[in-house]
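Chain by chain, the residues run as shown.
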Amino acid sequence: KQEVTQIPAALSVPEGENLVLNCSFTDSAIYNLQWFRQDPGKGLTSLLLIQSSQREQTSGRLNASLDKSSGRSTLYIAASQPGDSATYLCAVRQGSNYQLIWGAGTKLIIKP
Amino acid sequence: DGGITQSPKYLFRKEGQNVTLSCEQNLNHDAMYWYRQDPGQGLRLIYYSQIVNDFQKGDIAEGYSVSREKKESFPLTVTSAQKNPTAFYLCASCDRANTEAFFGQGTRLTVV
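Here the structure is a predicted model, which means the values were calculated and not measured.

Student: Please give an account of the packing of aromatic side chains that cites residues and values.
Tutor: Taken as a whole, this structure holds nine aromatic pairs over all chains when the rule is applied. A centroid spacing of 5.4 Å and a plane angle of 85° characterise the contact between Phe-36 of chain A and Phe-103 of chain B, whose relative ring orientation is edge-to-face. With Phe-36 of chain A in strand 4 (residues 32–38) and Phe-103 of chain B in strand 10 (residues 102–103), the pair connects residues from two separate chains. We note that Phe-36 of chain A, like Phe-103 of chain B, is buried. An aromatic cluster is built from Phe-36 and Trp-102 of chain A together with Tyr-33, Tyr-35, Tyr-48 and Phe-103 of chain B, whose rings are joined through pairwise contacts.

The structure is reproduced here in structure tokens:
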């Protein structure tokens, strides 16, 4: 059974720092991996989607990598800003029903 | 603008009452999903539908029911059989192919 783990559960860093969020999964038979952001009391906003055949995707200050063989993905945030404060979730898609399997998230706080 | 609309944003349920959460999408996606989110836990799948007039139970379907009479609509009913319904409910959709999942803004259900 697929298990997705996100470490750390919470992270607090000063503004301007570069940081890395981690996501690991136990079964490499995935279609893709998606990173989301969730603000308190809000829905999820898709940040980056990496297909299983890809190694990385970039959008602005965000860069996500995927190493399927080792079951790991990282989300790199450059030059962090207070507006980046949110919970970041990763999910892998697998199976004939294209189900998403979720990590519990990393709560990120960027201190001004 | 294309997207997913959930309503209402907040919903209060009395003991023994059934309530229905609305989810509408204009993205022309075949697949739609309902998730439940509790504090400190990952998202858990309640029901999903890959095509009109067809749906399947997810991991925590007991006490919930759905219908998929139209491609754009996937309402979720929380029945009186659901003993602990207080949670944040999220609706999502995606194409049946290997594409990005999109989410609504969520409905917060509270039992009073």
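Student: Outline the pattern of salt bridges, supporting the account with residue identities and numerical values.
Tutor: The final tally for this structure, using the stated rule, is five salt bridges over all chains. Note that Asp-39 of chain A and Arg-37 of chain A form a salt bridge whose closest N and O atoms lie 3.0 Å from each other. Given a relative accessible area of 26%, Asp-39 of chain A falls into the partly exposed group. Here Arg-37 of chain A falls in the buried class, since its relative accessible area comes to 17%. We note a salt bridge from Asp-30 of chain B to Lys-71 of chain B, for which the minimum N-O separation is 3.5 Å. Taken as a pair, Asp-30 of chain B in the loop between strand 3 (19–25) and strand 4 (31–37) and Lys-71 of chain B in the loop between strand 7 (64–66) and strand 8 (76–78) lie far apart in primary sequence, 41 residues in all. Take Asp-30 of chain B: its relative accessible area is 23%, and that puts it in the partly exposed class. Using a relative accessible area of 25% as the deciding quantity, one classes Lys-71 of chain B as partly exposed. Overlapping salt bridges, with partners in common, bring together Arg-36, Asp-38 and Arg-44 of chain B in one network.

Student: So what's going on with the side chain of Arg-13 of chain B? Residues and values would help.
Tutor: When you line up the elements, Arg-13 of chain B lands in strand 2 (residues 10–13). Residues within four places of Arg-13 of chain B in sequence aside, it is in contact with Val-19, Val-78, Thr-79, Ser-80, Gln-82, Pro-85, Leu-109, Thr-110, Val-111 and Val-112 of chain B.

Student: Talk me through the sheet that holds strand 8 of chain B; I want residue IDs and the actual numbers.
Tutor: All names here are of chain B. Spatially, four strands are ordered 1-3-8-7 in an open sheet, and the strand pairing comes out antiparallel. If you trace the sheet from one side to the other, it starts and ends with strand 1 (4–7) and strand 7, each paired once. Each strand of the sheet is rotated relative to its neighbour by a mean of 20°, with strand direction disregarded. Pairing geometry for strand 1 and strand 3, over four bridges, is antiparallel. Counterpart to Ile-4 in the pairing with strand 3 is Gln-25.

Student: Tell me about the state of the cysteines, residues and numbers included.
Tutor: All chains considered together, the criterion is met by two disulfides over all chains. Each sulfur of the disulfide joining Cys-23 of chain A and Cys-90 of chain A lies 2.0 Å from the other. Judged by the sign of its S-S torsion, about 80°, the bond between Cys-23 of chain A and Cys-90 of chain A is right-handed. Here Cys-23 of chain A is found in strand 3 (residues 19–25), whereas its partner Cys-90 of chain A is found in strand 9 (residues 86–94), with 67 residues between them in sequence. The disulfide bridge from Cys-23 of chain B ends at Cys-91 of chain B, spanning 1.9 Å between sulfur atoms. Judged by the sign of its S-S torsion, about -75°, the cystine formed by Cys-23 of chain B and Cys-91 of chain B is left-handed. In this pair, Cys-23 of chain B sits in strand 3 while Cys-91 of chain B sits in strand 9 (residues 87–94), placing the two residues 68 residues apart along the sequence. Of all cysteine sulfurs, the one in Cys-91 of chain B lies closest to Cys-94 of chain B, which takes part in no disulfide; the gap is 11 Å. By relative accessible area, Cys-94 of chain B is classed as buried at 0%.

Calculation notes
- Residues numbered from 1 in each chain as written.
- Chains lettered and ligands numbered in written order.
- Predicted model: local features only at pLDDT ≥ 70, side-chain atom pairs only at ≥ 80, totals over all residues.
- Heavy atoms only, no water.
- Phe/Tyr/Trp six-rings, centres within 6.5 Å; stacked < 30°, edge-to-face > 60°.
- Helix = DSSP H or I, 4+ residues; strand = E, 2+ residues; numbered from the N terminus.
- Buried < 20%, exposed > 50% of the residue type's maximum accessible area, 1.4 Å probe, protein only.
- Salt bridge = Lys/Arg side-chain N within 4 Å of Asp/Glu carboxyl O.
- Contact = heavy atoms within 4.5 Å.
- Pairing = 2+ DSSP bridges.
- Axes fitted to C-alpha atoms, helices over the stretch in contact; angles between N-to-C directions.
- Disulfide = S-S within 2.5 Å.

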